[in-house]
Amino acid sequence: MTVALLPSDRAPGSRPGLLETAQNAIRTRTPEGTAWLASRRAEAAAWLSAHGFPEQRQEAWRFTPMRDVIRTAFAVEAADLRVDAHGASGVTVMKLSEAISLHEEKIEPYLGRVAPLGDGFSALNGALWQDGIAIFAAPGAKGRIEIGNFAANHGRSSVTLPRFFVIAEAGAELTLIETHSKADAQVGGDARSGTPASKSLSVMVTEIVLGEGARLEHIRILDGERDRFSLGTLAVRQDRNSRYASRLFTFGGATSRLDLHALLSGEGAECILDGLYVAREAELVAHHTTVDHTKPHCSSRQRYKGAMDGTGTAVFDGTVLVRHGALRTEAHQENRNLLLSGDAVIHTKPHLRIDADDVKCSHGATVGRLDPAQLFYLRSRGMDASVARALLTYAFLREMTANVPEDLRPALEDKLLALLPDGAVAKELA
Amino acid sequence: MTLLQIEDLHVSVAGKEILRGLSLSVGPGEIHAVMGPNGSGKSTLANVLAGREGYEVTRGKVTYEGVDLLALPAEERARAGVFLAFQYPVEIPGVSNLYFLKAGVNAVRRHRGLPELDAMDFMKIAREKMKLVELDEKLAQRPVNSGFSGGEKKRNEVFQMAMLEPKLAVLDETDSGLDIDALRVVAGGVNALRSPERAIVVITHYQRLLDYIVPDFVHVLVNGRIAKSGDKTLAQTLEDEGYARIEREIGENGRAATEATAS
C-alpha cells in the first residue's frame, strides 16, 4: 500500500516532486464551473492524495520505474493539440472543455467513468486536464479524423495532460489517427550551462465509447525521444456487435507506457489489438493491456511485436478476463520479440483468467534473435552483415504495418528503417 | 592459373574434426565432382568455402584467385565470385526474392567495377534467367523460398547462380530430394551456365546427377579427406562398387603410409 507524500511528510531539504506540482496545481486551479465535472476532478484529486504515484514494488509498475519522474518538479504546460476531420460526415469535433457544456448529456455518463482510476498518473490527468479533444460521431457517421499532439521543449521539465474523448454512436464507422511527436521548434534546455537535462512528461487519458455496431480503426503513433516520458491510459467500452481495432506504433522514448483497457460489454463485440514497438539503448516501452469479456460471443485478438536493441527494454503485460457467463468467447494473445543485442530485455507476461465455459483462448510469447541461417543466406549472396540484420528485423516488424490505411504505410516503414542501423540501405531492398 | 587451391584443410565443428587434411585444386572452366558417404565432410567443405560461422579451421589454407579465402567474410567472398547453392535453402518470409537478389547482383557488379542494374534492367535479365530453370515469374516475386517445394527451391538456387555469375560455384547436394524431372531441369540450368571462366564443384552422394552434369574430375571424399581422384568413370565405379571398397583401400593405404614414415 503506497503512502502519499504529503508536504509535511517530506524530509527536510528534499526537492519537491511531481506530487507537489500536482497538489499546487489542484489548489490554485480556477474552480470548475460545471458541478458534475468538478466532482469528478475532486474524485481524482482525492484518489491521488490517498494513493500517490506508483512505486516499483507494485506488480503493475515493477518493470516501469518512475522514481526519477516522480522526484522531478514539473511545470504544468498546455498541450499543443491539432485536429483535422475534413471529409468526415456526421462527426463533430471540438475542444473537450467546450463539449462539457455543449454536449453534457452525451459526455456526463462517461467522462471519468470509462477509464479506471488505477494509478496516480491517470488520477493526475483526471484532476487537472485542460487541453482535450472530444469527438462525437452520430449514428451512421463515417470518416477519418487525425489528431496531432506535439511536445514542445520549454527548456524546463514540463508535464502536459491531454485528454481525449470519443463517442461513436450506432453504426458509425471511423478511422482515428493519433500522432504524438516533437514540435518543430525546439528550445533546448540542455544547451544552457548548468541546467540539468529537462524532462518532458505527457500523461494522457483517452476514453472511447462504441455504440451498437459502431466500428473504430484507431491508429496511434508515438515518436519517442530520449528525454520524453509518455504515459497513457486508453479505455474502450464496446457495445454489442461493435468493433474496435487498435494499431499501436511506439518508437522508443525514455519511457513510453500505455495501459489499455477494453471492456466488451455487449454480445458479439470484436476487439483487435495490434502493437509494434522498438526500444533502443536506454529506452523503455511498456504495454499493459486488459481485455474484459463480460458478455457471450465476443472475440478479441492481441498481437504485439517488438524489437529491442542496445540496452532497450520492453514490457508486455497482457491480461484477458473471461467473466462468468461470457460463453463462446474467443480470445487470443500473441507477443513476439526480437532481441538484437546481448543487453536487450523483454518482460512478457500473458495472463488469462477464464471463468466461463465453452471458450477458445490461446496465448503465446516468443523471444528470439535473428535466424543465423537466414543471415548467412543473405550474406552468401553479397549482402553486408549489418544490412542483412536490418532487413531481417524490418521483415519481422513490417507485418504490423499491413493493417493501417495505405497512405500511412510509407512513413511508418521509413520510421522503422530509420531506427535500425543500416536501415537506410535496407530500405532499398524492402 | 588455379582458381581455387585447398591445401591440407582441417576443419572442426563443435569440437569434432570433420575435414582431416583435404587438398583440392580447381581451375577455371573445370567441373569437379566431390562424392562421399554421409558424414564424410561434404557439407562442411561447402560451408567452409562459403564462410558460414561455426566452422573452425585448425590447419591448412584455401587460396582463391591468389587471395586467402578464409580471411574474407561471407559477403566479400560472394562479391569476389564465390557462390554456394545450398542443400537446404532457407525460407525468409518478409524479404522479397527479387529485391534481395538485385542487392546481391549489384554488390557483385560494384565489386567488378560494373554499373549497377536498375529495377527494369534487372527484371529483364531476371526473366531470361528464370527460363533456364523453368522458374515461374510469380514464384520469383514471392518472399525468399516462401512456400517453395524442394524442387522449386533448388531451381531458385540455380536461378540465383545465373544472376550472380560466379567464378566458383559450389553445388551442395543439389540433387537431394529431387525427382528425375526436377533433376533434369536443374542440371539443364547448371549446364547452361558452364563457361571457361567458371569453375563448378558439384558435391553429391549419388552418381545419378553426374549423368546430367558430366564432370571433368571426380574426387572421393572419405573421412574428411580426398581418398581418390579420377575422371568421370570413377563415378561409375563408385556407383557399381559403393564406397565400401574405397574405404577399405584407404584403410590399407593408411596403414601403409604409417609404416612408410616409421621406417
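Just so it is clear, the structure is predicted and the values come from calculations on it, not from any experiment. (Residues numbered from 1 in each chain as written. Chains lettered and ligands numbered in written order. Predicted model: local features only at pLDDT ≥ 70, side-chain atom pairs only at ≥ 80, totals over all residues. Heavy atoms only, no water.)

**Examining the overall build of chain B**
Check the secondary structure of chain B and you find 10 helices and 12 strands. Its C-alpha atoms give chain B a radius of gyration of 19 Å, near enough to 18 Å, the size a compact globule of 263 residues would have. Dimensions of chain B along its principal axes, counting C-alpha atoms only, are 70 × 40 × 35 Å. Taken over 263 residues, chain B has a buried fraction of 51%. Put simply, chain B shows about 11,800 Å² of open surface, and 49% of that area lies on carbon and sulfur atoms. (Helix = DSSP H or I, 4+ residues; strand = E, 2+ residues; numbered from the N terminus. Rg over C-alpha atoms; globule rule 2.2 N^0.38 Å. Buried < 20%, exposed > 50% of the residue type's maximum accessible area, 1.4 Å probe, protein only. Areas by Shrake-Rupley, 256 points an atom, 1.4 Å probe, with all protein chains shown as cover.)

**A closer look at the overall build of chain A**
In terms of helices and strands, chain A carries 10 helices and 19 strands. Relative to the compact-globule value of 22 Å for 430 residues, chain A shows a C-alpha radius of gyration of 22 Å, a close match. When the backbone C-alpha atoms are referred to their principal axes, chain A occupies close to 70 × 60 × 45 Å. Contacts in chain A between residues far apart in sequence, at least 24 positions, make up 86% of those at least 6 positions apart. (Contact = heavy atoms within 4.5 Å.)

**Brief notes about the sheet that holds strand S5 (residues 67-68) of chain B**
Residue and element names in this part refer to chain B. The antiparallel open sheet is built from 4 strands, whose spatial order is S2-S1-S4-S5. Where the open sheet ends on each side, the last strands, each with one partner, are strand S2 (16-26) and S5. Here 8 bridges tie strand S1 (residues 4-13) to S2, and the two strands are oriented antiparallel to one another. By the bridge assignment for S2, leucine 9 is matched with leucine 22. Lying on the sheet, helix H1 (residues 42-50) is in contact with S1, S2 and strand S4 (55-64); it crosses S1 at an angle near 110 degrees. (Pairing = 2+ DSSP bridges. Axes fitted to C-alpha atoms, helices over the stretch in contact; angles between N-to-C directions.)

**Quick notes on the sheet that holds strand S12 (residues 225-230) of chain B**
Residue and element names in this part refer to chain B. Taken together, the 6 strands give an open sheet; going across it, the order is S6-S9-S10-S3-S11-S12, and neighbouring strands pair in mixed fashion. Each edge of the open sheet carries a strand with a single partner, namely strand S6 (82-85) and S12. In this sheet, adjacent strand axes meet at a mean angle of 20 degrees when their direction is disregarded. Alignment of strand S3 (residues 31-35) against strand S10 (residues 199-204), held across 5 bridges, turns out to be parallel. If you follow isoleucine 31 over to S10, its bridge partner there is isoleucine 200. Packing against the sheet, helix H9 (residues 232-241) makes contact with S3, strand S11 (217-222) and S12, and its axis sits at approximately 45 degrees to S11.

**Quick word on the interface of chain B and chain A**
Facing the 32 residues of chain B at the interface are 18 residues of chain A. Between the two partners, chain B and chain A, sit 4 salt bridges. Where B:Glu53 meets A:Arg379, a salt bridge forms, and the shortest distance between an N and an O atom there is 3.4 Å. Linking chain B with chain A are 12 residue pairs in polar contact (both at pLDDT 80 or more). At the level of elements, H1, helix H2 (74-79), S6, strand S7 (92-96), helix H3 (97-111) and helix H6 (150-164) of chain B are the ones that each hand at least two residues to the side of chain B that touches chain A. Its residues assigned to classes, the side of chain B that touches chain A shows 20 nonpolar, 6 polar and 6 charged. (Salt bridge = Lys/Arg side-chain N within 4 Å of Asp/Glu carboxyl O. Polar contact = N/O pair within 3.5 Å; in protein donor to acceptor, adjacent residues only side chain to side chain. Nonpolar A, V, L, I, M, F, W, Y, C, P; charged D, E, K, R; others polar.)

**A few points about H9(B)**
Residues and elements named next belong to chain B. Residues of H9 that are buried include every one of Leu234, Ala235 and Leu238, and no others. Each buried residue of H9 sits inside an arc of 105 degrees when the element is viewed along its axis, so together they form one side. With its phi angle positive at about 75 degrees, glycine 242 sits one or two positions after the end of H9. (Arc of directions from axis to C-beta.)

**Notes on the environment of A:Gln23**
All names here are of chain A. Structurally, glutamine 23 is set in helix H1 (residues 18-28). Since its relative accessible area comes to 12%, glutamine 23 is described here as buried. Separated by 25 residues in sequence, glutamine 23 and leucine 48 place their C-alpha atoms 9.0 Å apart.

**A look at the nonpolar core**
The nonpolar side chains of a soluble globular protein tend to be buried, and buried together. Residues A:Phe251, B:Leu4, B:Ile6, B:Leu22, B:Phe122, B:Phe159 and B:Leu168 are the most contacted members of the largest nonpolar core, which totals 117 residues. Here the element with the most residues in this core is helix H8 (residues 385-398) of chain A; it accounts for 9 residues. Leave out the neighbours within four places in its chain, and B:Leu22 touches B:Ile6, B:Glu7, B:Asp8, B:Leu9, B:Leu45, B:Leu221, B:Gly224, B:Arg225 and B:Ile226. (Core = buried A, V, L, I, M, F, W, Y, C linked by side-chain atoms within 4.5 Å.)

**Points about the confidence of the model for chain A**
Residue and element names in this part refer to chain A. Confidence in the prediction for chain A averages 91 pLDDT; 93% of positions are at 70 or higher. Below a pLDDT of 50 lies the segment residues 1-10, which in the model reaches 19 contacts outside its immediate sequence neighbourhood of four places, other chains included. With pLDDT under 50 throughout, residues 185-195 is counted as low confidence; its partners more than four residues away or in other chains account for 16 contacts. (pLDDT = per-residue confidence, 0-100.)

**Looking at the packing of aromatic side chains**
Under the defined criterion, the tally for this structure stands at 7 aromatic pairs over all chains. Centroid distance A:Trp61 to A:Phe121: 5.5 Å. Interplanar angle 35 degrees. Geometry classified as tilted. With A:Trp61 in the loop between helix H2 (35-51) and helix H3 (67-70) and A:Phe121 in helix H6 (residues 120-128), this residue pair connects regions lying 60 residues apart in the sequence. Measuring from ring centre to ring centre gives 5.6 Å for A:Phe376 and B:Phe86, while their planes differ by 80 degrees; the resulting arrangement is edge-to-face. Remark: B:Phe86 occurs in the loop between S6 and S7 and A:Phe376 occurs in helix H7 (residues 372-379); the pair is interchain, linking two chains. For the residue pair A:Phe376 and B:Phe86, the accessibility class agrees, reading buried in each case. The rings of A:Phe376, A:Tyr377, B:Phe86 and B:Phe100 are connected pair by pair, giving a single aromatic cluster. A cation over an aromatic ring shows up here: A:Arg41 above the ring of A:Trp129, its NZ or CZ 4.5 Å from the ring centre. The side chain of A:Arg257 reaches across the aromatic face of A:Trp61, ending 3.5 Å from its centre. (Phe/Tyr/Trp six-rings, centres within 6.5 Å; stacked < 30°, edge-to-face > 60°. Lys NZ or Arg CZ within 6 Å of the ring centre and 35° of its normal.)

**Comments concerning the pairing of S11(B)**
All names here are of chain B. With 5 of 6 residues buried, S11 is to be regarded as a mostly interior element. As paired elements, S3 and S11 share 4 bridges and run parallel to each other. Looking across to S11, one finds that histidine 32 is bridged to phenylalanine 217. Relative to S12, S11 runs antiparallel, the two sharing 5 bridges. Within the sheet, the bridge partner assigned to valine 218 lies in S12 and is glycine 230. From the end of S11 to the start of S12, which pair antiparallel, there are 2 residues, and asparagine 223 there has a positive phi angle of about 50 degrees.

**Examining the side chain of A:Gln333**
Residue and element names in this part refer to chain A. Considering the arrangement of structural elements, one finds glutamine 333 in strand S17 (residues 330-339). A polar contact of 3.1 Å, which involves the side chain of glutamine 333, links it to the backbone oxygen of glycine 318. In contact with glutamine 333, not counting residues within four places along its chain, are Gln302, Phe316, Gly318, Thr319, Val320, Pro350, His351, Leu352, Ser362, His363 and Gly364.

**Quick notes on the side chain of A:Thr64**
In this fold, A:Thr64 is placed in the loop between H2 and H3. Residues contacting A:Thr64, with those up to four places away along its chain left out, are A:Thr255, A:Arg257, A:Leu284, A:Ala286 and A:His288.

**Structural notes on the pairing of strand S13 (residues 270-279) of chain A**
Each regular strand displays side chains that alternate between the two surfaces of the sheet. All names here are of chain A. Within S13, 9 of the 10 residues are buried, leaving the element largely enclosed by the surrounding structure. The pairing of strand S11 (residues 243-251) with S13 spans 9 bridges and is parallel. Residue leucine 248 lies in a different strand from S13, and its bridge partner there is glycine 275.

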